[in-house]
Amino acid sequence: MQKHALPEPHWPTADEAAKALLFQPIRLGPMQAATRTWVPAMVPWRATEEGLVTDHVVDWYGRFADGRPGVLVVEATGIRDVPSGPLLRVGHDRFVDGLRRVVDEVRRRSGGETRLLLQILDFLSIRRRPEREKFFARFLRVTERHVAAARERAGDAAAADEANVRAWLAAQDDATLREVLTRREFRDLAFGQREEVNDLHLEHVRALPEVLPGLFAAAARRAREAGFDGVELHYAHAYTMASFLSRTNERTDGYGGSPEARLRLPLEVYDAVRREVGRDWCVGARFLGDEVIDGGSRIDDAVGYGTAFAQRGFDFLSISKGGKFDDARQPHVGEAAYPYTGRSGHECMPTVRSDERGPFGRNVPLAAAIRSAVRAAGCATTVITAGGICEFAQAEAILQQGHADLVAAARQSLADPDWWLKMRRGRGGEVRRCLFTNYCEGLDQKHKEVTCQLWDRDFDTPDADSVPRSKDQKRRLLPPPWIS
Ligand SMILES: Cc1cc2nc3c(=O)[nH]c(=O)nc-3n(C[C@H](O)[C@H](O)[C@H](O)COP(=O)(O)O)c2cc1C
Ligand code: SF4
């Protein structure tokens, strides 16, 4: 690992910007974006506990709209009507009115220029890492294997009844437990219980192919009713649909195993969404160019998926990387595993502490490979790349070289949502540049309102008295206004 300096920026004059590919319009199926700039989904932890839009959510997306990106994607939003903490939800018609407020605000503040997508997702249950005593007293299902191990290693008394087996297990060290428990049981103890798409013994997991197309379709219909320009199906990172696409998907019900079977549900979900919303509304997906986990899908798989999606009619393919639970760091007791802590997590949100390739534009080759396969298959589907994009010449080169059709910047846009407009106005020198050290991601990990270290303590501003603050009053929740 080495620490990389930010790339020396080249900022355009207003004239140069007006001619740049970055600021030319582009079609994404039925949707026209005014520029080839994209703010990808970022969960800011501002919804209510019931998953409803708050004033803070409206302000947040309005603030990104000030910078007039071509496309703004609203955070991962749950398609089910089940409690999931302060994450946005769209699993019932009662969520539509709040989401419409976001749409109206973005239209107003971007002068109608920014196209708005809702990222819709499903996720399986994950529990916090349990206390050891509780795990053995309550959570572990005692099986013959445990009874036999207790008898063999400690005699008949230890195996006399379930309570004795639980007590014996609780007294063992990790080395013994690794031998006595199954891999999955040990993981449940060390990391917290986490459902997988392979858990066909669980009825609701078995039923995912029956229920998800309808849930995604209803969520997309609500997004359309709320006034969004389209949806981004969340087929990336640590969530259900990405797990179906993963090489680690070993389902034996026709939805796992071979590449065709892994693709089946993602295509069926798309078909159901398309049937619901029609052809005249934008539907695309975010998925992984590389899972970056042992035994996971790599770029060769992703090229196949991208081509199949394009041939089916997806309007765009937004390529991400990594962000899996499989290699996440062990959480503290009482906390849940966080999918951006391991190697795959670093690849998803690369920092300046990186290998020799550095964090900047690190994922571009994945998008480029998928785009060229999609083109070779005769499809014009737009491809979006993200990951360490933070500077004009870099973004423009990606487009000029045909590696992607739009460039996305999450953290640079969080550091300075006006940066797109500053570039267009020839005032790039005023861009507040992201440091790529992931303070924001640390807040996300703690489920705290996401802000940026470059502006969240800056109260020497005209809006200091009115700007919303974090619960402890120490941080401002919105970037300072740009006096343009
Ligand atoms: C705070 C935070 C929240 C994020 N939430 C989401 C999300 O809801 N959905 C998603 O697909 N990616 C999410 N991401 C990943 C970003 O969209 C993006 O892919 C990643 O940060 C790499 O791009 P960047 O280098 O431009 O930041 C999040 C990133 C951050 C920093
Ligand atoms: S907190 Fe750090 S990594 Fe996140 S947007 Fe701000 S400068 Fe970039």
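Okay, so let's go over this structure. Note that residues are indexed from 1 along each chain, following the sequence as it is written. Each chain takes a letter, starting from A, and each ligand takes a number, starting from 1, following the order in which they are written. Local features in a predicted model are, by the rule used here, given only for residues with pLDDT of at least 70; side-chain atom pairs are given and counted only at 80 or more, and totals for whole chains, interfaces and linings are based on all residues.

## Quick word on the site of ligand 1
Any residue whose backbone-placed C-beta atom lies within 6 Å of a molecule or strand is treated as near that molecule or strand. Around ligand 1, a shell composed of 24 residues is seen, among which Pro40, Ala41, Ala76, Ala410 and Arg411 lie nearest. Think of it this way: any DSSP run of H or I at least four residues long counts as a helix, any run of E at least two long counts as a strand, and we number them from the N terminus. When contributions to the shell around ligand 1 are tallied by element, the ones reaching two or more residues are β5 (71-78), α17 (411-415) and α19 (439-445). Sorting elements by how many residues they give to the shell around ligand 1 places α19 first, with three residues. For the shell around ligand 1, the residue count by class is 14 nonpolar, five polar and five charged. Polar here means any residue other than Ala, Val, Leu, Ile, Met, Phe, Trp, Tyr, Cys and Pro, which are nonpolar, and Asp, Glu, Lys and Arg, which are charged; Gly is therefore polar.

## Digging into the packing of helix α12 (residues 259-277) against helix α13 (residues 299-312)
Only C-alpha atoms enter the line fits that serve as axes; for helices the fit covers just the stretch in contact. Angles between N-to-C directions range over 0 to 180 degrees. Packing of α12 against α13 leaves a shortest axis separation of 11 Å and a crossing angle of 35°. For the pair α12 and α13, the crossing hand works out as right-handed. Note on element contacts: α13 touches α12 through Asp301, Gly304, Tyr305, Ala308 and Arg312, opposite Pro259, Leu263, Leu267 and Tyr270. Looking at side-chain class alone, the contact of α12 with α13 contains six nonpolar, one polar and two charged residues. Left-handed describes a crossing whose near helix is turned anticlockwise from the far helix through less than a right angle; right-handed describes the clockwise counterpart. Each residue gets a C-beta atom placed from its backbone, and two residues are in contact if those atoms lie within 7 Å.

## Describing the sheet that holds strand β12 (residues 406-408)
Pairing between the strands of a sheet comes from backbone hydrogen bonds, and it takes one of two forms, parallel or antiparallel. Taking strand neighbours around the barrel as the criterion, the eight strands line up as β4-β5-β6-β7-β8-β9-β11-β12 in a closed arrangement whose pairing is parallel. In this sheet, adjacent strand axes meet at a mean angle of 25° when their direction is disregarded. Note: two strands are recorded as paired if DSSP finds a minimum of 2 bridges between them. Relative to strand β11 (residues 382-385), strand β9 (residues 316-320) runs parallel, the two being bridged by four bridges. Bridge assignment links phenylalanine 316 to a residue of β11, and that residue is threonine 382. Sitting on the sheet, α13 is in contact with β8 (282-288) and β9, with an inclination near 175° to β8.

## Points about the environment of alanine 34
Summarising the element assignment, alanine 34 is placed in the loop between β3 (31-33) and β4 (37-39). Labels follow a simple rule on C-beta atoms placed from the backbone: if 20 or more others lie within 10 Å of a residue's own, it is buried; if 12 or fewer, it is exposed; otherwise it is partly exposed. A residue is classified by how many C-beta atoms lie within 10 Å of it, and alanine 34, with 19 of them, is partly exposed. Counting along the chain gives 414 residues from alanine 34 to lysine 448, while the straight-line C-alpha distance between them is 33 Å. The residues touching alanine 34, leaving out its near neighbours within four places in the chain, are Pro25, Gly70 and Glu113.

## Observations regarding the site of ligand 2
The full set close to ligand 2 counts 13 residues, and Arg411, Cys434, Tyr439, Cys440 and Cys452 are the nearest of them. The element that contributes the greatest number of residues to the shell around ligand 2 is α17, accounting for three residues. When grouped by side-chain class, the residues that make up the shell around ligand 2 number nine nonpolar, three polar and one charged.

## Details of unusual backbone geometry
Its identity as a non-glycine residue notwithstanding, tryptophan 45 has a phi of 55°, on the positive side. Considering the arrangement of structural elements, one finds tryptophan 45 in the loop between β4 and α2 (55-66). A tally of 18 C-beta atoms within 10 Å means that tryptophan 45 is categorised as partly exposed. For asparagine 438, which is not glycine, the phi torsion reads 70° and is therefore positive. Note that asparagine 438 resides in the loop between α18 (419-424) and α19.

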